[in-house]
Amino acid sequence: VLSLTVSNDIQNERTYIRIQGVLDISTIDTFKEQTLQTYEQLGSHGTLVVDYSGLEFIDSTGIGAILEIIYASKEYGFSVSFEGISEEIAEIFETIGVMRVLEAIIGNDA
Amino acid sequence: MTSRQELTQNGAATSVDKTLEREIQLAKKIQYKLLNGKKPTMLSGEISGLSVPARNIGGDYFDFYPLQDGRIRIIIGDVMGKGIPAAMLMILARGAFRSAAEHTANPSETLTAMNNALYDDFRQLGSFVTVLCADWDPISMKLTYASAGHSLPIIVRATKELADLPTAKGIMLGGLSKQTYPQSEMVLAKEDLVFFYTDGIVEAQNSGKDAYRLERLQRLLVEASSRQAADIERIVVDDIHAFTEGMAQKDDITMVVLKV
């Protein structure tokens, strides 16, 4: 089960996506639908903060969706940052290279 | 709708289902044959690979490519996603490996060539693949490896100790263009065991949602390391089944066993 909470901090131009539960092939369509709406609201302004503190499990499809957020930031022009990454998720991101893709895209080196 | 129309529609749907089922079975056969091709002849030691898809067909893959100087190039990979879409991309990755292995000098160059070949397609399809590529040289007894977002192999020494492998971190294939992949190496000794794997093994879950975990796999490999490659494969699969109590798994399970 996946639950996403999207909230806005207008003053600091930050939009938060808080992931609760499982991000895998069974929940990916909901996730993509909601993130797409968020990109459109953000446009080329501000920062999208993805909060992983409620994430229980992520599979390769879920990681693909996280990468899509990073690529979308380049396409739309907003910034991305990650919060609440557990040690386990950090290890997965580190092995696969998610953080290096983030650094490359945010640094406009990709 | 008349009952005749309903019957015709139901009949057509059944026929489509049967065709689809037949095609899935054929695709499964193709994938099985591609994964279980000829095992390379080695100057010494033995190598074996096994993949158990979670569904009919899967996105995991392994391959061996014998090089002219006696080295064997090994690859193991995990395509994002599951089922038929992942299997289609797995075939793409296999072709890129076969073509790259032919004209590249080492695992690092193979991964760069594969990423160059796959990047545009994978980016367009919103997918990626993690792979570990290694060269085994039975003359110098050296294992050279590079990773594109994939876990390093587990090495159990003939002395039953786990080896501490130097890292070799590159990012997944299809993530960024123009990538280089650092490689590392390790000298092995007779009777050492090298176990390459995909995360479906360590993430296999039982009914209580507990994961199989790396530590359990390492302990099992230390116990089984003196056995032959095919035995080690069977022991690992049996232990996963015992742990999961036959529960259907979400992810494919793939391994390559190199016994020096």
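Here's a quick rundown of the structure. (Residues numbered from 1 in each chain as written. Chains lettered and ligands numbered in written order. Predicted model: local features only at pLDDT ≥ 70, side-chain atom pairs only at ≥ 80, totals over all residues. Heavy atoms only, no water.)

## Thoughts on the overall build of chain B
For chain B, the helix and strand inventory stands at six helices and 10 strands. Here the C-alpha atoms of chain B give a radius of gyration of 20 Å, agreeing with the 18 Å that 2.2 N^0.38 yields for 260 residues. In terms of principal-axis extent, the alpha carbons of chain B reach across some 75 × 40 × 30 Å. The 260 residues of chain B split such that 52% are buried. Within chain B, contacts between residues at least 6 apart in sequence are counted, and of these 69% link residues at least 24 apart. With an accessible surface of roughly 12,500 Å², chain B has 53% of that area assigned to carbon and sulfur atoms. Side chains of chain B give 29 positive and 32 negative charges; the mean places of these two sets differ by 3 Å. (Helix = DSSP H or I, 4+ residues; strand = E, 2+ residues; numbered from the N terminus. Rg over C-alpha atoms; globule rule 2.2 N^0.38 Å. Buried < 20%, exposed > 50% of the residue type's maximum accessible area, 1.4 Å probe, protein only. Contact = heavy atoms within 4.5 Å. Areas by Shrake-Rupley, 256 points an atom, 1.4 Å probe, with all protein chains shown as cover. Lys, Arg positive; Asp, Glu negative; His and termini not counted. Charge placed at Lys NZ, Arg CZ, Asp CG, Glu CD.)

## Re the interface of chain B and chain A
Tallying the contact residues gives 21 residues for chain B and 21 residues for chain A. Both sides of the chain B and chain A interface together cover about 1,600 Å² of buried area, and 61% of this is carbon and sulfur. Inspection of the chain B/chain A interface yields three salt bridges. Salt-bridge contacts for A:Asp59 lead to B:Lys82; the nearest nitrogen and oxygen are separated by 3.6 Å. (Buried area = accessible area lost by both parts, 1.4 Å probe. Salt bridge = Lys/Arg side-chain N within 4 Å of Asp/Glu carboxyl O.)

## Observations concerning the side chain of B:Asp251
With respect to the helices, strands and loops of the structure, B:Asp251 is situated in the loop between helix 6 (229-244) and strand 10 (253-259). When near neighbours in sequence (up to four residues on either side) are disregarded, B:Asp251 contacts B:Ala54, B:Asp78, B:Lys82, B:Asp199 and B:Gly200.

## Some words on the packing of helix 1 (residues 28-42) of chain A against helix 2 (residues 60-76) of chain A
Residues and elements named next belong to chain A. Two numbers describe how helix 1 lies on helix 2: the axes approach to 11 Å, and their chain directions differ by 15°. One finds that helix 1 runs roughly parallel with respect to helix 2. Note on packing geometry: the crossing formed by helix 1 with helix 2 is right-handed. On the side of helix 1, the interface is formed by Ile28, Phe31, Lys32, Thr35, Leu36, Tyr39 and Glu40, while helix 2 contributes Thr61, Gly62, Ala65, Ile66, Glu68, Ile69, Ala72 and Tyr76. (Axes fitted to C-alpha atoms, helices over the stretch in contact; angles between N-to-C directions. Parallel < 35°, antiparallel > 145°, perpendicular 65-115°, else oblique. Left-handed = near helix turned anticlockwise from the far one by under 90°.)

## Thoughts on the packing of aromatic side chains
All told, the structure shown has nine aromatic pairs over all chains when counted by the stated rule. Pairing A:Phe82 with A:Phe93 gives two aromatic rings, centres 6.1 Å apart and planes at 55°, and the pair type is tilted. Of this pair, A:Phe82 sits in strand 4 (residues 79-83) while A:Phe93 sits in helix 3 (residues 87-96), placing them 11 residues apart in sequence. When sorted by exposure, A:Phe82 lands in the same class as A:Phe93, which is buried. Among the aromatic side chains, those forming a connected cluster through ring pairs are A:Tyr39, A:Tyr76 and A:Phe78. The ring centre of A:Tyr71 lies 3.4 Å from the NZ or CZ of B:Arg123, which sits over that ring. (Phe/Tyr/Trp six-rings, centres within 6.5 Å; stacked < 30°, edge-to-face > 60°. Lys NZ or Arg CZ within 6 Å of the ring centre and 35° of its normal.)

## Focus: unusual backbone geometry
Despite not being glycine, B:Glu191 shows a phi value in the positive range, around 80°. Here B:Glu191 shows up in the loop between strand 8 (183-187) and strand 9 (193-197).

## A look at helix 2 of chain A
Residues and elements named next belong to chain A. Here helix 2 spans 24 Å end to end across 17 residues, near enough to the 24 Å set by a 1.5 Å rise per residue. The buried fraction of helix 2 amounts to 13 of the 17 residues, a majority that puts the element mostly inside the structure. The backbone nitrogen of Thr61 lies 3.1 Å from a side-chain oxygen of the residue at the head of helix 2, namely Asp59. With its phi angle positive at about 100°, Gly77 sits one or two positions after the end of helix 2. (Expected span 1.5 Å × (residues − 1). Polar contact = N/O pair within 3.5 Å; in protein donor to acceptor, adjacent residues only side chain to side chain.)

## Describing helix 2 (residues 83-103) of chain B
Look at helix 2 of chain B: 31 Å from first C-alpha to last across 21 residues, which is about the 30 Å you get at 1.5 Å a residue. For helix 2 of chain B, the complete set of buried residues consists of B:Gly83, B:Ala86, B:Ala87, B:Leu89, B:Met90, B:Ala93, B:Arg94, B:Ala96, B:Phe97, B:Ala100 and B:Ala101.

## Considering the packing of helix 5 (residues 214-224) of chain B against helix 6 of chain B
Residue and element names in this part refer to chain B. Direction vectors running N to C along helix 5 and helix 6 enclose 140°, while the axes themselves pass 11 Å from each other. Judged by the inter-axis angle, helix 5 sits oblique to helix 6. Between helix 5 and helix 6 the crossing geometry is right-handed. Residues Arg216, Leu217, Leu220, Leu221 and Ala224 of helix 5 form the contact with helix 6, whose participating residues are Ile232, Ile235, Val236, Asp239 and Phe243. Here the contact of helix 5 with helix 6 is built from residues that sort into eight nonpolar, no polar and two charged. (Nonpolar A, V, L, I, M, F, W, Y, C, P; charged D, E, K, R; others polar.)

## Topic: the pattern of salt bridges
Residues and elements named next belong to chain B. Summed over the entire model, instances satisfying the criterion amount to 18 salt bridges over all chains. Between Arg73 and Asp135 there is a salt bridge, with the nearest N and O atoms lying 2.6 Å from each other. Taken together, the residues span a long stretch of sequence, with Arg73 in strand 3 (residues 72-79) and Asp135 in strand 4 (residues 129-137) at a distance of 62 residues. A relative accessible area of 2% means that Asp135 is categorised as buried. Here Glu215 makes a salt bridge to Arg213, at a shortest N to O gap of 3.7 Å. The class for Arg213 is partly exposed, based on a relative accessible area of 46%.

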